[in-house]
Amino acid sequence: MKKPASSQFALPLAPDQSPSAARIVVGEGNASAIAALSAPESWPFRTAILSGPPRSGKSLLAAWFAESGGVALDDADTMDETAVFHRWNRAQEEKTPLLLTTTAREGGWKITLPDLGSRMGAALWLDIEAPDDEMMADLIAAHAETRLLPLTDDHARYLASRCERTHIVAERLVATIDRLSLERKAPPGQAILRDALEELNGSAEPRML
């Protein structure tokens, strides 16, 4: 049974009990977008577009939104425009909220089908922004949890202050630490953290503010 359009969506943002489960880190870069996702009754024509950089959690949010009773089209800008337009029409007929995700920034999704362009132009645009230092540390910790990698909070803060603040860098940095730890058959200590930073960005010095 479809949820009524006036209902609020409770997104399961808390970590799963499984230590290897992926989870969304909520921080300065995505809190406003997540708040809007929980209240689709406020969206114009029950339609929103969630934009964010690669690996920023758009697909997880879209999946949770769909599980909550909405409709989600992940990477909608790569889909056939006519198919997206028909799905928008069906969502309107069923009075079901529709969420579309894209890596394009607002104004950057070039739509050639006029009917679809007018509908998307009226949709609510939500942005996932770059993380701040606190969110970056949380992202690093979350990726470490997924890999069962024993990073401490101090490790995460040390890394966050010394790397580019992007979602994909957080993931790559933890993957590099994991690989070095396995290669050296040692838990991630200061030497491994420094070497991972230098491998990824050429320096283990604090980032200049």
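Preceding this paragraph is the structure being described.
Residues numbered from 1 in each chain as written. Predicted model: local features only at pLDDT ≥ 70, side-chain atom pairs only at ≥ 80, totals over all residues. Heavy atoms only, no water.

**What about the side chain of Ser56?**
Here Ser56 lies in the loop between β1 (47-51) and α2 (58-67). At 2.6 Å, the side chain of Ser56 forms a polar contact with the backbone oxygen of Pro53. Discounting chain neighbours no more than four positions away, the residues touching Ser56 are Ile128 and His167. (Helix = DSSP H or I, 4+ residues; strand = E, 2+ residues; numbered from the N terminus. Polar contact = N/O pair within 3.5 Å; in protein donor to acceptor, adjacent residues only side chain to side chain. Contact = heavy atoms within 4.5 Å.)

**A look at the nonpolar core**
Within the largest apolar cluster, 26 residues are counted, with the highest numbers of intra-cluster contacts made by Met136, Ile140, Leu151, Leu159, Leu173, Ile177 and Leu197. Mapped by element, the contributors of at least two residues to this core are α5 (133-146), α6 (153-160), α7 (167-184) and α8 (190-201). Sort the elements by how many residues they give to this core and α5 lands first, with 7 residues. Discounting residues that sit within four places of it in the chain, Ile177 has contacts with Leu149, Leu151, Leu159, Pro188, Ile192, Leu193 and Ala196. Formed by 16 residues, the second largest nonpolar core is a distinct cluster that contains Ala76, Ala91, Leu100 and Ala123. (Core = buried A, V, L, I, M, F, W, Y, C linked by side-chain atoms within 4.5 Å. Buried < 20%, exposed > 50% of the residue type's maximum accessible area, 1.4 Å probe, protein only.)

**Focus on unusual backbone geometry**
A positive phi angle, close to 55°, is found at Phe45, a residue other than glycine. Relative to the elements of secondary structure, Phe45 occurs in the loop between α1 (31-37) and β1. Phi at Leu148 takes a positive value of approximately 55°, unusual for a residue other than glycine. Considering the arrangement of structural elements, one finds Leu148 in the loop between α5 and α6.

**A short note on the pairing of strand β3 (residues 98-102)**
For β3, the buried fraction is high: 5 of the 5 residues fall into the buried class. Both faces of β3 are covered, namely the face carrying Leu98, Leu100 and Thr102 and the face carrying Leu99 and Thr101. By the bridge criterion, 5 bridges tie β1 to β3 in an arrangement that is parallel. By the bridge assignment for β3, Ala48 is matched with Leu99. In this structure, strand β2 (residues 71-73) lies alongside β3, joined through 3 bridges in parallel fashion. Residue pairing for β3: Ala72 is matched across the bridge by Leu99. Considered for its hand, the β-α-β crossover made up of β2, helix α3 (residues 81-94) and β3 is right-handed. (Pairing = 2+ DSSP bridges. Right-handed = clockwise from strand over helix to strand, strands pointing away.)

**Let's talk about the packing of α6 against α8**
Contact geometry for α6 and α8: axes closest at 11 Å, N-to-C directions at 25°. When the interaxial angle is binned, α6 and α8 end up roughly parallel. Crossing angle aside, the handedness with which α6 passes α8 is right-handed. Taken together, the residues of α8 that come into contact with α6 (itself represented by His155, Tyr158 and Leu159) are Gln190, Leu193, Arg194 and Leu197. (Axes fitted to C-alpha atoms, helices over the stretch in contact; angles between N-to-C directions. Parallel < 35°, antiparallel > 145°, perpendicular 65-115°, else oblique. Left-handed = near helix turned anticlockwise from the far one by under 90°.)

**Looking at α8**
End to end, α8 covers 16 Å across 12 residues, agreeing with the expected 16 Å (1.5 Å per residue, within 8%). At its buried positions, α8 is contacted by α6 and α7. (Expected span 1.5 Å × (residues − 1).)

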